[in-house]
Amino acid sequence: MTLLDCTLRTTGQLTGATPSPQLVADYLAVCARLGIDVIELGRVQDPAAGGRPGDILPDGIAVAARAAWHGPRFAVLLDAAELPSVEADSTTAADRIADRIAGLPLPVGLVRLAVRYDQVARAAAPLGRLREAGFGVCLLLTEIDLASYPELDRCLDDTAALGPLDAVFLVDSLGSLRPERVIELVQSTRAAVAAPVGIHALDNQGFALHNTVVARSAGATWQDAAVHGIGPGAGMTRTEQLLALLGATPDDLGPLLELVATHFAPMKRRYAWGAGPRQVMAGLARIPVAAVRGYGAE
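Quick summary incoming for the structure in this document. (Residues numbered from 1 in each chain as written. Predicted model: local features only at pLDDT ≥ 70, side-chain atom pairs only at ≥ 80, totals over all residues. Heavy atoms only, no water.)

## Section: the nonpolar core
Across soluble globular proteins, you tend to see nonpolar side chains buried next to one another. Counting 89 residues, the largest nonpolar core has Y27, I39, I101, L139 and L141 as the members making the most contacts within it. Take this core: its biggest share by element is seven residues, from helix α2 (residues 21–34). Those residues in contact with L141 that sit more than four places away from it in its chain are V115, V120, C155, L156, T159, V168, F169, L170 and V171. (Core = buried A, V, L, I, M, F, W, Y, C linked by side-chain atoms within 4.5 Å. Buried < 20%, exposed > 50% of the residue type's maximum accessible area, 1.4 Å probe, protein only. Helix = DSSP H or I, 4+ residues; strand = E, 2+ residues; numbered from the N terminus. Contact = heavy atoms within 4.5 Å.)

Take a look at the structure:
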């Protein structure tokens, strides 16, 4: 099993700011002890398109962290929707992104490209370029629960045609996935694609941890999680709960729970992520939360 922790990326996404140096230092120290395999640092964008430096761990923190780092690998997230639709332009943008990542003080070895399930073909050029640049590459299939059976078949055929991938993630973008659908999607993906399968579960309906475990039982070998479930909207699978389910002892989890108490519980009081009425209704209806009206103010 490969556990990928999204905490730094989802913290920045939720707050709109780079996590504080103390939070990052405390978080990295805990991750190095917990058996987390990959840390996702943040989002990366094409510098020529006005990329946001705040999406990546600031250089000052990164340099200090690298000096004594013997822990998990580092990853970044790239959204295919932010790349040009013309293949030649997309390839050029991928070259600039590869140069940017290679210049970071922390050794990023993995790039995860998020793409909507019905637009996988447009990922071919940037993924190929990033692979040629020496990065491991993953594909995140977003809004996958909306795919009809014919659409899923086309999606997986296009995914298989992309060449070697470190993993293919099924992303519960709307928090709508039910356990039986998770099993179906994992099995279909495993049958069609040679790469390992991963799950990124949101908690709109309170199913994030359950769906992650169900995906694992169906053969998914990569799992996404975040400390205290931090993330926009309902949040996602909690790292501490997943580790406990996988056999971590109270002593193992003590430093992580202290991290929650020190940093993430206060942040939750301020930013209030979690499954409120609108998140639940959106998940049930398989629609964005913004489309739900009349079920609370969150």
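After presenting the structure, the write-up continues.
## Structural notes on the sheet that holds strand β6 (residues 167–171)
The pairing of strands in a sheet happens through backbone hydrogen bonds and is either parallel or antiparallel. With respect to topology, eight strands assemble into a closed barrel ordered β1-β2-β3-β4-β5-β6-β7-β8, the strand pairing being parallel. Each neighbouring strand pair of the sheet contributes to a mean axis angle of 25°, computed without reference to strand direction. Relative to strand β8 (residues 222–225), strand β7 (residues 197–200) runs parallel, the two being bridged by two bridges. The partner of G198 across the bridge, within β8, is W222. (Pairing = 2+ DSSP bridges. Axes fitted to C-alpha atoms, helices over the stretch in contact; angles between N-to-C directions.)

## Comments concerning the pairing of β8
Burial of β8 is two-sided: the residues W222 and D224 facing one way and the residues Q223 and A225 facing the other way are all buried. Read from β7 through helix α8 (residues 208–217) to β8, the crossover connection turns out right-handed. (Right-handed = clockwise from strand over helix to strand, strands pointing away.)

So far we have only geometry, and geometry alone does not tell us how the molecule works.
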